[in-house]
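# Remarks on the overall topology
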Amino acid sequence: MAASSLSLSTNPTFTASTKPSFSPSYHTTPHFVKFPNTSQTPTHLIVKPLTTHSPRASLSSIIPRATATPTTSTTQTSFHGLCYVVGDNIDTDQIIPAEYLTLVPSNPEEYEKLGSYALIGLPSSYTTRFIEPNENKTKYSIVIGGNNFGCGSSREHAPVALGAAGVAAVVAESYARIFFRNSVATGEVYPLESEGRICEECRTGDTITIELAESRLINHTTGKEYKLKPIGDAGPPRISELL
C-alpha cells in the first residue's frame, strides 16, 4: 500500500493530496474580453452596421458613431437620393468649423448636433443651404465635390459630421489622404472617386443613384451615367466575409 505522506527528521513533511476538482465554468469560453479604456477619446458603439460599412483602416484616434443600428444580413451596395454639389479644395474647416469640435460624437445628443453644423463653413457663394435652419439632418444624402476634398486639418469630426447629417457617400475627383482614411476608419461615409469632373455636370438637387458593385453613378435628372473608380476594400463586405 502506497504511503500517503513522507516524513524525514530534517526535511519538511510532504502530504499527498487528491486532484483538485474544477467547476464546469472553469472551461467555459468567455463571450467577450473587456479591455480598459486608455484613450482620451471616449469609445462607444459604431453606428453604421458592419454589413453597410466595412472599415479596413485604423487610426490612432477614431471617433465612432454614438448610436448603434441593428445589423442585417443584406449588404447595401447602392445609394439613391438628392446630391449636393461643391467645388475644389473643400477643407475640413468648411465641412465642420473648429468652434464645433467641442461636441463629443459618442454622446447621442451631441452627435446629432454635430451633424446639424455639417458644411456650415461654406462661403456665401453657396446660396443653397446644406441643412435647413433648425434641422439636424440634410435632405442631400450624396455630396459631389471636385479636387482635394477634405483638405486641411486631420480632424475625424469632418466625416463624422457628414455622416451624422445623413450623408451616405461623397463622390469627389480626388481627396486629401487623411480625410479618405478617416472616412474609411470611422465608417461614416463612403469616399468614392470619380474619373472626371462630375461636379461640373451635376447640380445641387439632382437625383442620383450610386451603384457600388458596378462602380457607376447615375444622374436621373440629366439621364447621364458616370464611371467611378472601384472602392476596393473600403467598400461593403462580400457575402462570404459575413459567414
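Description of the structure in this document. This is a predicted model, so every value here is computed, not measured. (Residues numbered from 1 in each chain as written. Predicted model: local features only at pLDDT ≥ 70, side-chain atom pairs only at ≥ 80, totals over all residues. Heavy atoms only, no water.)

## Quick word on the overall build of the protein chain
Assigned secondary structure in the protein chain consists of five helices and nine strands. When the elements of the protein chain are put in sequence order from the N terminus, they spell out β-β-β-α-α-β-α-β-α-β-β-β-β-α. Surface accessibility of the protein chain: about 13900 Å² in total, with carbon and sulfur atoms responsible for 53%. (Helix = DSSP H or I, 4+ residues; strand = E, 2+ residues; numbered from the N terminus. Areas by Shrake-Rupley, 256 points an atom, 1.4 Å probe, with all protein chains shown as cover.)

## Structural notes on the sheet that holds strand β5 (residues 169-172)
One open sheet holds the seven strands; their spatial order is β6-β5-β4-β3-β7-β8-β9, and the pairing between them is mixed. This sheet does not close on itself; its edge strands, each paired only once, are β6 (190-193) and β9 (224-227). With strand direction ignored, the average angle separating the axes of adjacent strands in the sheet is 30°. (Pairing = 2+ DSSP bridges. Axes fitted to C-alpha atoms, helices over the stretch in contact; angles between N-to-C directions.)

## Here's the deal with helix α2 (residues 108-116)
Along α2, the positions that sit buried rather than exposed are Tyr111, Leu114, Gly115 and Ser116. Here the buried face of α2 lies against α3 (157-165). Sitting at the amino-terminal end of α2 is Asn107, which places a side-chain oxygen 3.0 Å from the backbone nitrogen of Glu109. (Buried < 20%, exposed > 50% of the residue type's maximum accessible area, 1.4 Å probe, protein only. Contact = heavy atoms within 4.5 Å. Polar contact = N/O pair within 3.5 Å; in protein donor to acceptor, adjacent residues only side chain to side chain.)

## Digging into the side chain of Ser116
Take Ser116: it is sitting in helix α2. Among the polar contacts made by the side chain of Ser116, one reaches the main-chain carbonyl oxygen of Lys113 at a distance of 2.5 Å. Setting aside residues up to four positions removed in sequence, Ser116 forms contacts with Ile131, Glu135 and Asn136.

## As for the pattern of salt bridges
Using the criterion set out here, one finds eight salt bridges in the structure. The residue Glu225 makes a salt bridge to Arg216 at a minimum N-O spacing of 3.0 Å. Residue Arg216 is classed as partly exposed on the basis of its relative accessible area, which comes to 24%. Here the salt bridges do not stand alone but share partners, grouping Asp88, Glu173, Arg197 and Glu200 into one network. (Salt bridge = Lys/Arg side-chain N within 4 Å of Asp/Glu carboxyl O.)

## Describing the packing of α2 against α3
It is at 7 Å that the axes of α2 and α3 come closest, and there the two elements cross at 95°. The angle between α2 and α3 places the two elements in the roughly perpendicular class. Contacts between α2 and α3 involve Tyr111, Glu112, Leu114 and Gly115 from the first element and His157, Val160, Ala161, Gly163, Ala164 and Ala165 from the second. Its residues assigned to classes, the contact of α2 with α3 comprises six nonpolar, three polar and one charged. (Parallel < 35°, antiparallel > 145°, perpendicular 65-115°, else oblique. Nonpolar A, V, L, I, M, F, W, Y, C, P; charged D, E, K, R; others polar.)

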